[in-house]
Amino acid sequence: GAGVSQTPSNKVTEKGKYVELRCDPISGHTALYWYRQSLGQGPEFLIYFQGTGAADDSGLPNDRFFAVRPEGSVSTLKIQRTERGDSAVYLCASRPSNTGELFFGEGSRLTVL
Amino acid sequence: AQTVTQSQPEMSVQEAETVTLSCTYDTSESNYYLFWYKQPPSRQMILVIRQEAYKQQNATENRFSVNFQKAAKSFSLKISDSQLGDTAMYFCAFIHGGATNKLIFGTGTLLAVQP
């Protein structure tokens, strides 16, 4: 499709497990963002990629969270030793390098039991 | 640090009437963009309208318009002729035009359009 694609749409896991969330951005978009949105809150910035490199990872809450974008397209957000507080919707967005607009996917809802 | 404040957690409007959602922001930069995003229950963020800080003219998109007051750091959204499909969370957001290209969101306003 032409939009940002995120998989899985929903993920339920147990405390302590490892989780991967995938984002497939719009073709040709060099910038990619991950956000976390807790219930009733606005999205919080996690990490921003320009091409293959993480240009700003200041929003990652701790070292259990890691993200990669090895070929400058698809990105994976990895969460180790999940905790109940990690439950949220994880949003991915992509952006052409020279405009201000971000295009969002529908998010991956993570529930940690 | 840049911040975005939306002081109205919830708003309600009758169908066909006009409603204004408030947003203020704080930045020391001069080059930036402002946005209003709509988030229906489907979760996907949909861009409603954008404003470049260097433009004095207020942006307009059909029934949606903004009142951009740069000196006051205010960026309100006006929805005219409200429709039932406008019911959603609305987020005000800010992005710096320089190297730190992260979009910063407010906490959102839940708008309910009543029939």
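Residues numbered from 1 in each chain as written. Chains lettered and ligands numbered in written order. Predicted model: local features only at pLDDT ≥ 70, side-chain atom pairs only at ≥ 80, totals over all residues. Heavy atoms only, no water.

(A) Molecular detail of the overall build of chain B. Looking only at helices and strands, chain B features 0 helices and 12 strands. Secondary structure elements of chain B, listed N to C terminal, follow the sequence β-β-β-β-β-β-β-β-β-β-β-β. Computed over its C-alpha atoms, the radius of gyration of chain B comes to 14 Å, within 12% of the 13 Å expected for a compact globule of 115 residues. When each of the 115 residues of chain B is scored for burial, the buried share is 49%. In chain B, once contacts between residues fewer than 6 apart in sequence are set aside, the share between residues at least 24 apart is 55%. Carbon together with sulfur atoms contributes 46% to the accessible area of chain B, which is approximately 5,500 Å² in total. Counting 9 positive and 9 negative side-chain charges, chain B places the averaged centre of each group 8 Å from the other. (Helix = DSSP H or I, 4+ residues; strand = E, 2+ residues; numbered from the N terminus. Rg over C-alpha atoms; globule rule 2.2 N^0.38 Å. Buried < 20%, exposed > 50% of the residue type's maximum accessible area, 1.4 Å probe, protein only. Contact = heavy atoms within 4.5 Å. Areas by Shrake-Rupley, 256 points an atom, 1.4 Å probe, with all protein chains shown as cover. Lys, Arg positive; Asp, Glu negative; His and termini not counted. Charge placed at Lys NZ, Arg CZ, Asp CG, Glu CD.)

(B) Highlighting the state of the cysteines. Tallied over the entire structure, the rule returns 2 disulfides over all chains. Note on cysteine connectivity: A:Cys23 is disulfide-linked to A:Cys92, with sulfurs 1.9 Å apart. On the sign convention where negative is left-handed, the bridge of A:Cys23 and A:Cys92, at about -70° about the S-S bond, is left-handed. Of this pair, A:Cys23 sits in strand β3 (residues 19-24) while A:Cys92 sits in strand β9 (residues 88-95), and the two are 69 residues apart along the sequence. What makes A:Cys23 buried here is its relative accessible area of 0%. At a sulfur-sulfur separation of 2.0 Å, the disulfide partner of B:Cys23 is B:Cys92. Measuring the twist about the S-S bond at about -70°, one finds the B:Cys23-B:Cys92 disulfide to be left-handed. Pair noted here: B:Cys23 is in the loop between β3 (19-21) and β4 (24-26) and B:Cys92 is in strand β10 (residues 88-96), with a separation of 69 residues, a long-range link. Judged by its relative accessible area of 2%, B:Cys23 falls in the buried class. (Disulfide = S-S within 2.5 Å.)

(C) Spotlight on unusual backbone geometry. Residue A:Thr7 is joined to A:Pro8 through a cis peptide bond whose omega torsion reads -5°. Note that A:Pro8 resides in the loop between β1 (5-7) and β2 (10-13). A positive phi is found at B:Lys73, a non-glycine position, where the angle reads about 55°.

(D) View of the nonpolar core. Residue and element names in this part refer to chain B. Tyr25, Trp36, Phe75, Leu77 and Tyr90 are the most contacted members of the largest nonpolar core, which has 26 residues in total. For this core, the secondary-structure elements that each account for two or more residues are β3, β5 (32-39), β6 (46-52), β8 (64-69), β9 (74-79), β10 and β12 (109-114). It is β10 that provides the largest number of residues to this core, a total of 4 residues. (Core = buried A, V, L, I, M, F, W, Y, C linked by side-chain atoms within 4.5 Å.)

(E) View of the sheet that holds strand β8 (residues 75-79) of chain A. Residue and element names in this part refer to chain A. Strand order in the open sheet made by the 4 strands is β1-β3-β8-β7, with antiparallel pairing throughout. The open sheet has two free edges, formed respectively by β1 and β7 (65-68), since each of these has just one partner strand. Averaged over neighbouring strand pairs, the angle between their axes works out to 15° when direction is ignored. Where β3 and β8 come together, 5 bridges link them in antiparallel fashion. (Pairing = 2+ DSSP bridges. Axes fitted to C-alpha atoms, helices over the stretch in contact; angles between N-to-C directions.)

(F) Structural view of the interface of chain A and chain B. Every contact between the two is made by 26 residues of chain A and, on the other side, 20 residues of chain B. In total, chain A and chain B occlude about 1,800 Å² of area from one another, counting both sides; carbon and sulfur atoms represent 49% of this. Between chain A and chain B we count 1 salt bridge in total. Linking A:Asp56 and B:Lys102 is a salt bridge whose minimum nitrogen-to-oxygen distance equals 3.8 Å. Our count for the contact surface shared by chain A and chain B stands at 8 residue pairs in polar contact (both at pLDDT 80 or more). (Buried area = accessible area lost by both parts, 1.4 Å probe. Salt bridge = Lys/Arg side-chain N within 4 Å of Asp/Glu carboxyl O. Polar contact = N/O pair within 3.5 Å; in protein donor to acceptor, adjacent residues only side chain to side chain.)

(G) The pattern of salt bridges, seen in detail. Per the counting criterion, the structure on display carries 8 salt bridges over all chains. The residue A:Arg22 makes a salt bridge to A:Asp24 at a minimum N-O spacing of 3.9 Å. Across the salt bridge formed by B:Lys73 and B:Asp26, the nearest N and O atoms sit 3.6 Å from each other. Separated by 47 residues along the polypeptide, B:Lys73 in the loop between β8 and β9 and B:Asp26 in strand β4 bring together distant segments of the chain.

So yeah, pure geometry; function would need other evidence.
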